[in-house]
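# Understanding the architecture of this molecule
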Amino acid sequence: MIRPEFFIEALKEKGIDCYAGVPDSLLKNICAYITDHFDATHNIIAANEGAAVGFAAGHYLATGKPACVYMQNSGEGNIINPLASLTDREVYNIPVLLLIGWRGRPGVHDEPQHVKQGKVTTGLLNVMGVNYEVLSKEESKAAGQIEKAVSALRSNEVFALVVEKDTFDEYKLQNVSVDDLTMTREEAIRTVASALSPKDVTVSTTGMISRELFEARAAWGQGHERDFLTVGSMGHASQIALGIALEKTDRRVWCFDGDGATIMHMGSMAIVASKKPANYIHVVFNNGAHDSVGGQPTVGLKIDLPAVAKSVGYAYALSVDNREALNDILNKVNSLEGPVLIEVKVKKGNRKDLGRPTTTPIENRDALMQFLKK
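## Let's talk about the overall build of the protein chain
The helix and strand inventory of the protein chain stands at 14 helices and 14 strands. Rg of the C-alpha trace for the protein chain: 21 Å, near the compact-globule value of 21 Å for 374 residues, within the 12% margin. Along the first, second and third principal axes, the C-alpha atoms of the protein chain reach 60 × 40 × 40 Å. Across the 374 residues that make up the protein chain, the buried fraction comes to 51%. Considering only intrachain contacts with a sequence separation of at least 6, the fraction spanning at least 24 residues in the protein chain is 80%. Carbon together with sulfur atoms contributes 51% to the accessible area of the protein chain, which is approximately 16,300 Å² in total.

Here it is as structure tokens:
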């Protein structure tokens, strides 16, 4: 394996000392090292991967030095536009180093939402004209690949280092912020889910939220037909929920969202508000972290999400940080005409033995569609 210190110092020696991106589970060790060793000006945890490329372009314009943009391969879709219309040699010709975690690599078992992305990871780079190397797990070979990448950057090219599972040695985040929040996300999810009526529908975002909702239903001996578990497409659960809410106006539709996912495509909140779905309840479980991929921070706890919701047109926007206040809101919400946003501030972290959904995405889809016909 590669020591994070070795990799980052090798890039620093070549003049790369600025990072931006969205954390990934395969990159959690390197992302943790970056967080601990770079100030907030030189490590931007971006709203989404495309925004990170935009930041890297601005950094280059200001300094003449390329930046490194890190991401899971699911973020490739978000970077296609800025790669094609900003950094490309036929437009502004701006160098960027991409560090891409290769989830779902063919031949390596992974979750279903990563399978297709894994198959097309390198193909997308080829289509975009981005040269790449699959980073070696041996430091001596990796050093040569870094030199090749830097050589391409000096020619104002974009270059990608694609990272397989278990490439980087373990590194634990040292600078962990501590807050005084007492409610766990799982406790909050169970509190909200237990308050839903039998006809209500839930669309839950990717990561721990869907996993914790699934386990709650299983613990209660319930089926999963009322829940759409959005295991991929981070940031889009709110629009899936909107699509259901506008067609099924006789049902309450709940979006169980995370702070990182909400921030990733925050403009979607304005679209929800503009459509005025009276049956729409948007619950954002906010712990200020990308919890599913190593606990890297978001700006979730530094911004006023209810104020954002109100400013774009949500009918009601509320915030709670304890179970009693959450129960009070849940007792009132059915009398409110949406769209409603409920921010639930929760602690970071999750159970170590938390399982994953045992149903397939297709089974989940079919069960929900049958439920919606009733």
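## Remarks on the state of the cysteines
In total, this model carries zero disulfides according to the counting rule given. Sulfur of Cys18: no disulfide; nearest cysteine sulfur belongs to Cys68 and is 9.5 Å away.

## Side note on helix α7 (residues 185-194)
Burial analysis of α7 places seven of its 10 residues in the buried class, the great majority of the element. Of all the positions in α7, only Arg185, Glu186, Ala188, Ile189, Thr191, Val192 and Ala193 are classed as buried. Considering only its buried residues, α7 is in contact with α8 (208-219), β9 (253-258), β10 (280-286), α13 (323-333) and β14 (340-345).

## Focus: the sheet that holds strand β7 (residues 201-204)
Across the sheet, which stays open at both edges, the six strands sit in the order β8-β7-β9-β10-β14-β13 with parallel pairing between neighbours. Edge positions in the sheet fall to β8 (227-229) and β13 (316-320), since each of these pairs with one other strand and no more. Recorded for the sheet is a direction-independent mean angle of 15 degrees between the axes of neighbouring strands. Pairing of β7 with β8, which is carried by three bridges, proceeds in the parallel orientation. The residue bridging Thr202 from the neighbouring strand is Asp227, located in β8. In the packing of helix α14 (residues 361-373) onto the sheet, contacts are made with β7 and β8, and the angle to β8 comes to roughly 155 degrees.

## Digging into the nonpolar core
Nonpolar side chains tend to gather and get buried jointly when the protein is soluble and globular. Membership of the largest hydrophobic core comes to 30 residues, with the highest contact counts inside it found for Phe7, Ile30, Leu97 and Leu99. Looking at this core, the elements with two or more residues in it are α1 (4-13), α2 (28-37), β3 (68-72), β4 (96-101), α6 (139-154) and β6 (158-163). A per-element tally of this core places α6 first, with six residues. With 25 residues, the next largest nonpolar core counts Ala193, Val320, Leu326 and Ile342 among its residues.

## Quick word on unusual backbone geometry
Here Gly338 and Pro339 are connected by a cis peptide whose omega angle stands at 5 degrees. Mapped onto the elements, Pro339 comes out in the loop between α13 and β14. At Ser233, a position not held by glycine, the phi torsion is positive, near 45 degrees. Taking relative accessible area as the criterion, Ser233 reaches 44% and is therefore assigned partly exposed.

## Here we look at the environment of Leu326
Position of Leu326 among the secondary structure elements: in helix α13. By relative accessible area, Leu326 is classed as buried at 0%. Between the C-alpha atoms of Leu326 and Val192, which are 134 residues apart in sequence, the distance is 8.0 Å. The residues contacting Leu326, other than those within four sequence positions of it, are Met183, Ala188, Thr191, Val192, Val320 and Val344.

## A closer look at the pattern of salt bridges
For the structure shown, the criterion picks out 20 salt bridges. Between Arg217 and Asp227 there is a salt bridge; the shortest N-O distance is 2.7 Å. Here Arg217 is found in helix α8, whereas its partner Asp227 is found in strand β8, with 10 residues between them in sequence. Given a relative accessible area of 0%, Arg217 falls into the buried group. Asp227 gets classed as buried once you look at its relative accessible area, which sits at 1%. Several salt bridges share partner residues, and in doing so they unite Glu186, Arg190, Glu215, Arg351 and Asp353 into one network.

## Quick look at the pairing of β9
Most of β9 is tucked away, with six of its six residues classed as buried. Burial along β9 is two-sided: Val253, Cys255 and Asp257 and Trp254, Phe256 and Gly258, pointing in opposite directions, are all buried. Bridge analysis of β7 against β9 gives four bridges, and the strand direction is parallel. The residue of β9 that forms the bridge with Thr202 is Trp254. Where β9 lies against β10, six bridges are found, and the strand directions are parallel. Bridge pairing in β10 links Trp254 to Ile281.

## Structural notes on the packing of aromatic side chains
For any two aromatic rings, the description comes down to two numbers: the centre-to-centre distance and the angle of the planes. This model, assessed by the stated rule, comprises four aromatic pairs. Between Tyr19 and Phe38 the ring centres are 5.1 Å apart and the planes differ by 65 degrees, which places this aromatic pair in the edge-to-face class. With Tyr19 in strand β1 (residues 19-21) and Phe38 in the loop between α2 and β2 (43-45), the pair connects residues that are 19 residues apart, well separated along the chain. Of the two residues, Tyr19 and Phe38, both sit in the buried class. For the pair Phe256 and Phe285, a centre-to-centre distance of 5.4 Å together with 75 degrees between the ring planes defines the contact as edge-to-face.

What counts and what doesn't
Residues numbered from 1 in each chain as written. Predicted model: local features only at pLDDT ≥ 70, side-chain atom pairs only at ≥ 80, totals over all residues. Heavy atoms only, no water. Helix = DSSP H or I, 4+ residues; strand = E, 2+ residues; numbered from the N terminus. Rg over C-alpha atoms; globule rule 2.2 N^0.38 Å. Buried < 20%, exposed > 50% of the residue type's maximum accessible area, 1.4 Å probe, protein only. Contact = heavy atoms within 4.5 Å. Areas by Shrake-Rupley, 256 points an atom, 1.4 Å probe, with all protein chains shown as cover. Disulfide = S-S within 2.5 Å. Pairing = 2+ DSSP bridges. Axes fitted to C-alpha atoms, helices over the stretch in contact; angles between N-to-C directions. Core = buried A, V, L, I, M, F, W, Y, C linked by side-chain atoms within 4.5 Å. Salt bridge = Lys/Arg side-chain N within 4 Å of Asp/Glu carboxyl O. Phe/Tyr/Trp six-rings, centres within 6.5 Å; stacked < 30°, edge-to-face > 60°.

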